[in-house]
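This is what each chain is made of:
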Amino acid sequence: LMSQSDASWSCWSGHLSSLFMLIMLVDQLEIKKDWSDHALWWEQKQQWLLKPAWTLDKCGIHADARLYLTPQHKPLRLVLPNLLTLRLRVCFSSPVFRTVIGICKLLNIRHPEELSLLRPVEEKKKKKQKGDEEEVYDITSAPLPTGTLFSIKGKLGGSIIKLANGMPAFFAESPEMESVYKMLSVSQPAPPPETITKMYRPTSKVDKAQVNGRWLDSSRSLLQQGVKEGDKLILRFKYYSFHDLAPQFDAVRLTQLYEQAKWAILLEEIDCTEEEMMLFAALQYHIGKVSTTEQLVASCPAMDDLDSALQCLEVKMEAETSSVKPYSYLHRPKKQTLKKYKQFWFTFKDTSISYYKSKEESCKEPIQQMNLKGCEVAPDVSVAAQKFCIRLLIPEPEGMNEVYLRCDNEQQYSKWMAASRLASKGKTLADASYSSEVQSIQSFLAMQKTTPGNKTVQSDESINTHSLVSPRYQKKYKPKQLTPRILEAHQNVAQLSLTEAILKFLQIWQALPDFGLSYFVVRFKGCRKDEVLGIANNRLIRIDLSVEDVVKTWRYNTMRQWNVNWDIKQVAIEFNGNVNIAFSCVTADCKIVHEYIGGYIFMSTRSREQNDTLNEELFHKLTGGHEAL
């Protein structure tokens, strides 16, 4: 037996329980302190002895076993989404899933099931220069989490936390701790440009896949995964399925989510158009300004949950065939050719688009009918150039059929884009969310509009454009060119409150084509080359690595079962229609992919009406592995 002070004892009796052995050991140490957080760690087996009633024989321990008496909670350096580094005590003996629950409870972040821990990128060893030291905020004096785990109780969605002045009681105990909590719940100024340039930036889907290989296993403890006391880990939102976002309760959660979205855009982890980048920059600039004077407060009920807000409106519509003015249609052109649009008359009914040679022939059989259920819908828009196109990737037996629809104006585009998005989810025009989806799209387009000849935009020399736009646009434009464009876009969002601005930023982020996709390099069974698997909250996508095009999409609602062959590290999935796929993972352990799929299915089981505690058992059943669902 080894204690923390390296003193050792030899004792053996297979009939002793681990609890009785602990009592004997503490008596021999003759050190008066609280030993309640200590437990035995079996180094050879990488296993905690946490069942006090079990005898050593039952645990499988023999006379040559080397056990360590060590605290279960140890200090850890934790990097948050806003790049703030905290030093806090976390549980090294519980599964990571429960450790994250404890962290989130301390920081007042609801729905901890959406977050997880990953290892940082290995840094090259180099001489430390003056000023390179990382600033770490120590909160190890915080009381250890006790009592019930987070629960999902109606709108609150969490266990009761003692608050003082709107923050957990611990943070209100001193001005220093209060300032730390403010850094958690209020967006902070961006670091200097030289710091941003040093940050890791993935340049391809393979680089992004490498990042996803660093997630920790949620069903094993930190110590079992080689994490040591004082190590650095990163806390991030892992599952892009944000349940019950309520500004009045989620100051820290919303701020950290906004920061993760902001850095994903600035570091080009997700692509966006130039107009979208200017709008993101304007919103960042606005949030930075109002954060000094405002706090996150409750917004209108329809915005409390970005995923379900559109369903809160009671709009009654009758399902009907929707016809609009004819516009152009294009199948995917061959490489190195221009897009040639041909004009047809289109109708939208249920979840299908039909097109005809002319309006007069719309009473006859269509040239083709395309069912959009399960398809990929992406905007291809430039408000300045009056370009309003919709890109559709429609699943077919032999792959994905790429189709472009070009609309005449933004009103037509808004209606068809809204209908296409709903159809991809299996919803029709009769769905209550159709009207608000149209309004949301129109609102987004209005924000991208510029006012030619407007000379009322005042210059602001204090704008740090390096912290507002990604490196791609920093290379393309000089700061004096970016500043007026950002300020011009800011005029469209200047009236928003802090809460509205953050929610709008998140809403536009969620509307980006590649939002919520986590990439993995895999090799499909029967193939000789590596490909990319994208995992989202409702689907899996297969991407050709050579051209980075989507070639196939499978939705979770068509999945019958999935399992993992742990011997050969292969994931096998069966879908409706006798469709079977199998692949091995190249850039990550197959357990991470298995956990992603099971995790998203677990997220889909949550509901607003749910009153019971977070179902940890179900999460581990879906993500723990070794058994088919």
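The rules behind the values
Residues numbered from 1 in each chain as written. Predicted model: local features only at pLDDT ≥ 70, side-chain atom pairs only at ≥ 80, totals over all residues. Heavy atoms only, no water. UniProt positions renumbered as here; feature names shortened; annotations may be inferred. Helix = DSSP H or I, 4+ residues; strand = E, 2+ residues; numbered from the N terminus. Buried < 20%, exposed > 50% of the residue type's maximum accessible area, 1.4 Å probe, protein only. Contact = heavy atoms within 4.5 Å. Areas by Shrake-Rupley, 256 points an atom, 1.4 Å probe, with all protein chains shown as cover. Polar contact = N/O pair within 3.5 Å; in protein donor to acceptor, adjacent residues only side chain to side chain. Salt bridge = Lys/Arg side-chain N within 4 Å of Asp/Glu carboxyl O. Pairing = 2+ DSSP bridges. Axes fitted to C-alpha atoms, helices over the stretch in contact; angles between N-to-C directions. Parallel < 35°, antiparallel > 145°, perpendicular 65-115°, else oblique. Left-handed = near helix turned anticlockwise from the far one by under 90°. pLDDT = per-residue confidence, 0-100. Nonpolar A, V, L, I, M, F, W, Y, C, P; charged D, E, K, R; others polar. Phe/Tyr/Trp six-rings, centres within 6.5 Å; stacked < 30°, edge-to-face > 60°. 1 Å grid on protein atoms, 1.4 Å probe; cavity = no way out; pocket = protein on both sides within 12 Å on 5 of 7 lines; lining within 4 Å. Points joined across faces, edges and corners; volume = space filled by probe spheres on them.

For the chain, the name recorded in an unreviewed UniProt entry is FERM domain containing kindlin 3, with Astyanax mexicanus as its organism. Quoted verbatim from the Sequence similarities (unreviewed entry) field of UniProt, the annotation for the chain is "Belongs to the kindlin family."

### A few points about the overall build of the chain
Each helix and strand in the chain was counted, giving 15 helices and 25 strands. In the chain, which comprises 629 residues, the proportion classed as buried is 52%. Expressed as a percentage of contacts within the chain between residues at least 6 apart in sequence, the contacts between residues at least 24 apart total 66%. Total accessible area computed for the chain in this model is approximately 31100 Å², and 50% of it derives from carbon and sulfur atoms.

### Notes on the side chain of Thr-587
Here Thr-587 is to be found in the loop between strand E25 (579–585) and helix H14 (590–603). A relative accessible area of 15% means that Thr-587 is categorised as buried. Here the side chain of Thr-587 touches Val-521 through a polar contact of 3.1 Å, landing on its backbone nitrogen. Not counting the four nearest positions on each side in its chain, Thr-587 is found in contact with Ala-209, Gln-210, Gly-213, Phe-520 and Val-521.

### Examining the pattern of salt bridges
Evaluated as defined, the whole model comprises 24 salt bridges. We note a salt bridge from Glu-616 to Arg-98, for which the minimum N-O separation is 2.8 Å. Residue Glu-616 is located in helix H15 (residues 616–623), and its partner Arg-98 is located in helix H3 (residues 96–107); the two are separated by 518 residues in the primary sequence. With a relative accessible area of 10%, Glu-616 lands in the buried category. Taking relative accessible area as the criterion, Arg-98 reaches 37% and is therefore assigned partly exposed. Here Arg-560 ties to Glu-574 by a salt bridge, and the two come within 3.2 Å at their closest N and O atoms.

### Some points on the sheet that holds strand E10 (residues 232–237)
Through backbone hydrogen bonds, the strands of a sheet pair up, either in parallel or in antiparallel fashion. The 5 strands are arranged E6-E10-E4-E5-E7 in an open sheet whose pairing can be described as mixed. With partners counted over all chains shown, the strands left at the sheet margins are strand E6 (115–118) and strand E7 (136–138), one partner each. Neighbour-to-neighbour, the strand axes of the sheet open up by a mean angle of 45°, direction not taken into account. Summarising the sheet, E6 and E10 pair through 4 bridges and their orientation is antiparallel. Looking at the pairing, Leu-115 lines up with Phe-237 of E10. Across the sheet, H3 is in contact with strand E4 (73–79), strand E5 (85–91), E6 and E10; its angle to E6 comes to roughly 110°.

### Quick word on the pairing of E25
Remember that side chains alternate between the two faces of the sheet whenever the strand is regular. The pairing of strand E19 (residues 518–524) with E25 spans 3 bridges and is classified as antiparallel. Residue Arg-523 lies in a different strand from E25, and its bridge partner there is Ser-584. The sheet contact formed by strand E24 (residues 570–575) and E25 spans 6 bridges and is antiparallel. Along E25, the bridge assignment pairs Glu-574 with Asn-580.

### Concerning the packing of H14 against H15
One can describe the packing of H14 onto H15 by two numbers: an axis separation of 7 Å at closest approach and a directional angle of 135°. Classified by the interaxial angle, the pair formed by H14 and H15 is oblique. H14 and H15 meet at a crossing whose hand is right-handed. Seen from H14, the contacting residues are Lys-591, His-594, Glu-595, Gly-598, Gly-599, Ile-601 and Phe-602; seen from H15, they are Leu-618, Phe-619, Leu-622 and Thr-623.

### Concerning the confidence of the model for the chain
Summing up the model confidence of the chain, the mean pLDDT is 81 and the portion of residues at 70 or higher is 79%. Per-element confidence in the chain ranges from a low mean pLDDT of 42 for strand E11 (residues 322–323) to a high of 97 for E10. When the criterion is pLDDT under 50, residues 147–160 qualifies, and its contacts beyond four places in sequence or with other chains add up to 55 contacts. Note on residues 299–338: pLDDT under 50 across the span, and 114 contacts to partners over four residues away in sequence or across chains.

### With respect to the packing of helix H9 (residues 410–424) against helix H10 (residues 434–447)
One way to put it is that H9 packs onto H10 with a least axis distance of 9 Å and a crossing angle of 130°. When the axes of H9 and H10 are compared, the pair comes out oblique. H9 and H10 meet at a crossing whose hand is right-handed. Touching Glu-410, Gln-411, Tyr-413, Ser-414, Lys-415, Met-417, Ala-418, Ala-419, Arg-421 and Leu-422 of H9 are Tyr-434, Glu-437, Val-438, Ile-441, Gln-442 and Leu-445, all from H10. Here the contact of H9 with H10 is built from residues that sort into 9 nonpolar, 3 polar and 4 charged.

### Side note on the packing of aromatic side chains
Each aromatic ring pair is summarised here by two numbers: the centre-to-centre distance and the angle between the ring planes. Taken as a whole and judged by the stated rule, the model has 26 aromatic pairs. Here Tyr-240 and Trp-509 contribute two aromatic rings whose centre-to-centre distance is 6.0 Å and whose plane-to-plane angle is 65°, an arrangement assigned as edge-to-face. Of the two residues, Tyr-240 sits in the loop between E10 and helix H7 (251–266) while Trp-509 sits in helix H13 (residues 498–510), which places them 269 residues apart along the sequence. Residue Trp-509 is classed as buried on the basis of its relative accessible area, which comes to 3%. Centroid distance Trp-554 to Phe-575: 5.9 Å. Interplanar angle 15°. Geometry classified as stacked.

### Quick word on the pairing of strand E13 (residues 342–349)
Looking at chain direction, E13 and strand E14 (residues 352–356) are connected through 5 bridges and run antiparallel. Bridge assignment links Trp-345 to a residue of E14, and that residue is Tyr-356. Turn length for the E13-E14 hairpin, with the two strands adjacent in sequence and antiparallel, is 2 residues, and the turn residue Asp-350 shows positive phi of about 55°.

### Things to note about empty space enclosed by the protein
Going through the model one piece at a time under the given rule, you end up with 3 cavities of 30 Å³ or more. Lining of the largest cavity is provided by Phe-97, Val-100, Ile-101, Pro-112, Glu-113, Leu-115, Ser-116, Ser-218, Lys-238, Tyr-239, Glu-595 and Phe-619. Classifying every residue of the lining of the largest cavity by side-chain character gives 7 nonpolar, 2 polar and 3 charged.

### Observations concerning unusual backbone geometry
Among all residues save glycine, negative phi is the norm, and among peptide bonds the norm is trans. For Leu-83, which is not a glycine, the phi torsion comes out positive at approximately 70°. In this structure, Leu-83 sits in the loop between E4 and E5.

### Observations concerning the sheet that holds strand E2 (residues 47–49)
Strand order in the open sheet made by the 3 strands is E2-E1-E3, with antiparallel pairing throughout. Looking at strand neighbours, the two that pair on one side only are E2 and strand E3 (67–71), the edges of this open sheet. The mean angle between the axes of side-by-side strands here comes to 40°, regardless of whether they run parallel or antiparallel. Relative to E3, strand E1 (residues 38–42) is paired through 5 bridges, and the arrangement is antiparallel. Pairing of His-38 across the sheet is with Pro-71, part of E3.

### What to know about the environment of His-490
Position of His-490 relative to the elements: it lies in helix H12 (residues 479–490). Given a relative accessible area of 10%, His-490 falls into the buried group. Here the alpha-carbon distance between His-490 and His-286, two residues 204 residues apart in the chain, equals 7.1 Å. Here His-490 is in contact with Ala-282, Tyr-285, His-286 and Lys-289, once residues within four sequence places are set aside.

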